[in-house]
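Inside the fold
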Amino acid sequence: MTRILRLFAALWLGLAGLATAQETGLSALARLEPARSAVTTSGEVTEVALGLTQAVPFRAFLLDAPPRLVVDFREVDFSAGRAEALADKGLIGPVRWGRFRPGWSRLVADLSAPAKIDTAVEETGEAPRVVLRLSPVAAGEFAARAGAPSSALWDLPQPAPTEPPHRRQDGSAPLKVVLDPGHGGIDPGAEADNLKEAVLTLTFARALKEAMTRAGMQVIMTREEDVFVPLETRITVARAAGADLFLSLHADALSEGDATGSTVYLLDDKASDEASQKLAERHDRADLLAGVDLDGHDDAVAGVLMDLARTETQPRALRASQVIAGAIKSAHLRMHKHPVQTADFSVLKSPDIPSLLIELGFLSSEADRQRLLDPAWQAQMAQAITRGVATWAQADAAEARLLRQ
């Protein structure tokens, strides 16, 4: 069996010119065995060995800007290990891992220098393991090799069980709201005092979904569990659902300054301040850290067309931000000294759906951390946002009916 897997890996290397892909009939959840996992060096060669409880399909490839090694599995539970134990050895720099999408796990390792994957094999038998061997190459040669291989099994977007898009809401049907709990899976977001932003936002999103559902709204979530969802997919889910409003939920941290309280963000390429710009850069960097290939995502013509579409959508989003911020203030909940701000968040770039990003609080603030963990505060905030959305939706629907006359 090992010989067959080696031949398959060699064939993939020849066809893709990148690394290897393993797409066997193996399935079910494997667990990482830390005692049999290590990164070792021999001369210029760096070997990454990952001991598993059972063999699973996998693939490995390289990405550039910055140089990264990405290994996908179907599926591996990494919870028994520590990524730091494999980091900063030979060609391998910082390492991170976690769930990437339902049924898939991902390991991403920054490379200390341009490299190539010499071999990538899965050894089966009583002690299964995945073994990768890397050696250094010139920067030009690395750039030619880097890129995710095309594969229907690995790369097609996950289908969203949603309804077709519909026209701007006019009150004749329940308001459709897409809630987007930030981060998830391999990308935990901000962390402080053993708290993870990805977990906090998902917990709050569930409470907000319940409050909105009770208010008669139809709510769709971009993720229902602790799994990574690329920024582009979050927008796709909203559009496929025919959403009337998109709300992205976060609880970030700032390394400088003393930010506290909730903030509602609108899309704008000119950030309100330096802190807002840094938050936008950090959120967008999540895809890169999770090993997403960002090449080919800049289309100037498409950008112009989307800007035209936003001439109607953006004023609606502005009104929504002001009404929601007002509802939070009316509930006597702590808000940032500048409650409505702007920044260039990629997750808000849907041209035809009013989109907002709500920073519920900052994990860098001890007071905010206590609020975010308080069930009573969560319930109050969920009710305040729900009231704000309902008030905005009523006025927005009235305007839509006037425009259609």
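Residues numbered from 1 in each chain as written. Predicted model: local features only at pLDDT ≥ 70, side-chain atom pairs only at ≥ 80, totals over all residues. Heavy atoms only, no water.

For clarity, the threshold we go by: UniProt positions are given in the numbering used here, feature names are shortened, and annotations may be inferred rather than shown by experiment.
Going by an unreviewed UniProt entry, the protein carries the name N-acetylmuramoyl-L-alanine amidase and comes from Paenirhodobacter hankyongi. Annotation of the protein in UniProt includes, under Catalytic activity (unreviewed entry), the sentence "Hydrolyzes the link between N-acetylmuramoyl residues and L-amino acid residues in certain cell-wall glycopeptides."

1. A look at the sheet that holds strand 3 (residues 38-42)
Operational definition: The pairing criterion is simple: DSSP has to find at least two bridges between the two strands. Each helix corresponds to a stretch of at least 4 residues labelled H or I by DSSP, and each strand to a stretch of at least 2 residues labelled E; elements are numbered beginning at the N terminus. Geometry is summarised by axes, namely lines fitted to C-alpha atoms with helices restricted to the contacting stretch, and by angles between N-to-C directions that run from 0 to 180 degrees.
On the basis of which strands lie adjacent, the open sheet formed by four strands has the order 3-4-11-10 and antiparallel pairing. Every interior strand has two partners, whereas the edge strands, strand 3 and strand 10 (115-123), have only one. Across the sheet, the mean angle from the axis of one strand to that of its neighbour is 20 degrees, orientation sign disregarded. Pairing between strand 4 (residues 45-51) and strand 11 (residues 129-136): six bridges, direction antiparallel.

2. What about the nonpolar core?
Note on soluble globular proteins: their nonpolar side chains tend to be buried together. Where we set the bar: Definition used in this section: a nonpolar core is a set of buried Ala, Val, Leu, Ile, Met, Phe, Trp, Tyr and Cys residues joined via side-chain atoms within 4.5 Å. The buried label applies to any residue whose accessible area, calculated with a 1.4 Å probe on protein chains only, is under 20% of its type's maximum; exposed applies above 50%, and partly exposed to all values in between. Contacts were defined at the residue level, with two residues in contact if any of their heavy atoms lie within 4.5 Å.
Counting 44 residues, the largest nonpolar core has M212, L247, I324, I385 and V389 as its most contacted members. Elements that contribute at least two residues to this core include exactly strand 12 (176-181), helix 4 (197-214), strand 15 (218-221), strand 16 (245-250), strand 17 (262-267), helix 7 (300-330), strand 19 (355-359) and helix 9 (375-404). It is helix 9 that provides the largest number of residues to this core, a total of eight residues. Contacts of I385, omitting those with residues within four sequence positions, involve F204, L208, M212, L247, I324, I328, I358 and L360. Judged by nonpolar contacts, the second largest core, of 33 residues, contains A30, L62, L86 and L107.

3. Some points on the sheet that holds strand 12
Judged by pairing direction, the sheet is mixed, and its six strands sit side by side in the order 15-12-16-19-17-18 without closing on themselves. Looking at strand neighbours, the two that pair on one side only are strand 15 and strand 18 (335-343), the edges of this open sheet. Adjacent strand axes in the sheet meet at a mean angle of 25 degrees, parallel and antiparallel pairs treated alike. Inspection of the sheet shows strand 16 paired to strand 19 by five bridges, in the parallel sense. Its bridge partner being in strand 19, H250 is matched across the sheet by E359. The strands touched by helix 4 are strand 12, strand 15 and strand 16; relative to strand 12, the strand with the most contacts, the crossing angle is about 165 degrees.

4. Comments concerning helix 8 (residues 366-373)
What counts is decided by this rule: Note that the arc is defined by the directions from the helix axis to the C-beta atoms.
Those residues of helix 8 not exposed but buried are D368, R369 and L372. Down the axis of helix 8, the buried side of the element spans an arc of 105 degrees, and every buried residue falls inside it. For helix 8, exposure combined with an orientation more than 90 degrees from the buried face picks out E366 and Q370. For helix 8, the secondary structure elements touched by its buried residues are strand 13 (191-192), strand 14 (195-196), helix 4 and helix 9.

5. Some points on the packing of aromatic side chains
As a reminder, the rule being used: Any pair of Phe, Tyr and Trp rings, taking the six-membered ring for Trp, is counted once the centres come within 6.5 Å. Such a pair is stacked with planes under 30 degrees apart, edge-to-face with planes over 60 apart, and tilted for the rest.
On inspection of all chains with the given rule, the structure shows five aromatic pairs. Look at F78 and W97: their rings are 4.8 Å apart centre to centre, the planes differ by 10 degrees, and that puts the pair in the stacked class. Residue F78 is located in the loop between strand 7 (76-77) and strand 8 (92-101), and its partner W97 is located in strand 8; the two are separated by 19 residues in the primary sequence. On the accessibility criterion, F78 (5% relative accessible area) is buried. Given the relative accessible area of 15%, W97 is considered buried. Taken together, a centroid distance of 5.2 Å and an interplanar angle of 75 degrees make the contact between Y265 and F345 edge-to-face.

6. Focus on the pattern of salt bridges
Our working definition: By definition, a salt bridge exists where a carboxyl oxygen of Asp or Glu is found within 4 Å of a side-chain nitrogen of Lys or Arg.
By the definition in use, this model includes 21 salt bridges. We note a salt bridge from D396 to R316, for which the minimum N-O separation is 2.8 Å. Taken together, the positions of D396 in helix 9 and R316 in helix 7 put the pair 80 residues apart, joining distant regions of the chain. Summarising the burial analysis for this pair, D396 and R316 share the class buried.

7. Things to note about helix 4
The line we're drawing: By definition here, a helix of n residues has an expected span of 1.5 Å times n minus one.
Its 18 residues give helix 4 an end-to-end C-alpha distance of 26 Å, which sits within 8% of 26 Å, the value for a rise of 1.5 Å per residue. All of the buried residues in helix 4 are E197, A198, L200, T201, L202, F204, A205, L208, A211 and M212. On its buried face, helix 4 is in contact with strand 12, strand 14, strand 15, strand 16, helix 8 and helix 9.

8. Regarding the environment of I186
Along the polypeptide, I186 turns up in the loop between strand 12 and strand 13. Of the residues examined, I186 reaches a relative accessible area of 6% and is grouped as buried. Separated by 85 residues in the primary sequence, I186 and R101 have C-alpha atoms spaced 9.2 Å apart. The residues contacting I186, other than those within four sequence positions of it, are R96, W97, G98, R99, F100, R106, V108, F228 and A290.

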